[in-house]
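Fold and geometry: a report
Below, each chain spelled out in residue letters.
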Amino acid sequence: MERPITGFDLDSEGDPIALLNCGHAQHVRHNPPFINRPWVISEEGRNSMIGKMLNCVRCDKFEMPDGFIPYKRTPVFTEESVPAALTKDHSTKTGTWAKITVLEGKLRYCVAALGADMELSTDNVGVVVPEVPHHVEPLGAARFFVEFYRAPDKDA
């Protein structure tokens with residue numbers, strides 16, 4: 001999944017890491033002839049790439065960024081009380097991840113943009129990737145809730 005670069009950092013060995021708007025960080029080394037990224041060598045070059053897109057394989061794998069914290073949770077929904085908006089494609093905002101937790105029964109969780117159509121149950125939590133349209137469908141009697149996650153405040 002393509003994500004815009006929002007900034008850069010360096011790892012413990014001084015290698016550049018691109019910070020993406022999804023919350024993931026990704027190494028962006030210049031290692032010819034395998035990887036040709038001469039723009040990573042200078043701060044000016046890195047700054048010229050802010051806003052450019054980079055493929056985030058961790059989003060493709062539904063991996064929530066490390067250190068994200070829960071900040072809000074929905075009530076428990078059933079097959080009868082699930083809001084209609086959740087059964088139609090919708091998405092979270094930039095930087096907002098979520099987990100769909102099934103307490104009883106099963107849900108169908110569809111994320112067409114990532115080629116995913118999966119069954120959620122008490123043993124299988126659904127991870128919601130920011131800005132990616134998705135929807136759920138109760139498969140019979142079900143009880144579930146959604147918990148939202150974000151990066152911790154740096155000031156806290």
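Refer to the structure above for everything that follows.
Described below are features of the structure shown in this document. Everything numeric in this text was worked out from a predicted model, so none of it was measured.

Taken as a whole and judged by the stated rule, the model has 0 disulfides. There is no disulfide at C59, and the cysteine sulfur nearest it, in C22, is 3.6 Å away.

If you trace the backbone, V128 turns up in strand β9 (residues 126-128). On a C-alpha basis, the gap between V128 and Y149 in space is 9.7 Å, while along the polypeptide they are 21 residues apart. Here V128 is in contact with T92, W97, A98, I100, Y109 and H134, once residues within four sequence places are set aside.

A separate point is the sheet that holds strand β3 (residues 25-27). Spatial strand order, β3-β2-β1-β4: 4 strands in an open sheet with antiparallel pairing. The sheet is open, and its two edges are formed by β3 and β4 (53-55), each paired on a single side. Strand-to-strand twist in this sheet, taken as the mean axis angle between neighbours without regard to direction, amounts to 55°. Note: strand β2 (residues 16-20) against β3, 3 bridges, orientation antiparallel. By the bridge assignment for β3, I17 is matched with H27.

Turning next to unusual backbone geometry. With phi around 60°, F62 is a residue other than glycine that occupies positive phi space. On the secondary structure map, F62 appears in the loop between α2 (57-60) and β5 (69-73). The phi dihedral of E131 is positive, around 65°, even though this residue is not glycine. Turning to its location among the elements, E131 is positioned in the loop between β9 and β10 (135-150).

With that settled, the discussion passes to the side chain of T74. As for its position among the elements, T74 is in the loop between β5 and β6 (77-78). Classification of T74 by relative accessible area gives buried; the value is 17%. Contacts of T74, omitting those with residues within four sequence positions, involve F145, V146 and F148.

Reading the values: rules and limits
- Residues numbered from 1 in each chain as written.
- Predicted model: local features only at pLDDT ≥ 70, side-chain atom pairs only at ≥ 80, totals over all residues.
- Heavy atoms only, no water.
- Disulfide = S-S within 2.5 Å.
- Helix = DSSP H or I, 4+ residues; strand = E, 2+ residues; numbered from the N terminus.
- Contact = heavy atoms within 4.5 Å.
- Pairing = 2+ DSSP bridges.
- Axes fitted to C-alpha atoms, helices over the stretch in contact; angles between N-to-C directions.
- Buried < 20%, exposed > 50% of the residue type's maximum accessible area, 1.4 Å probe, protein only.

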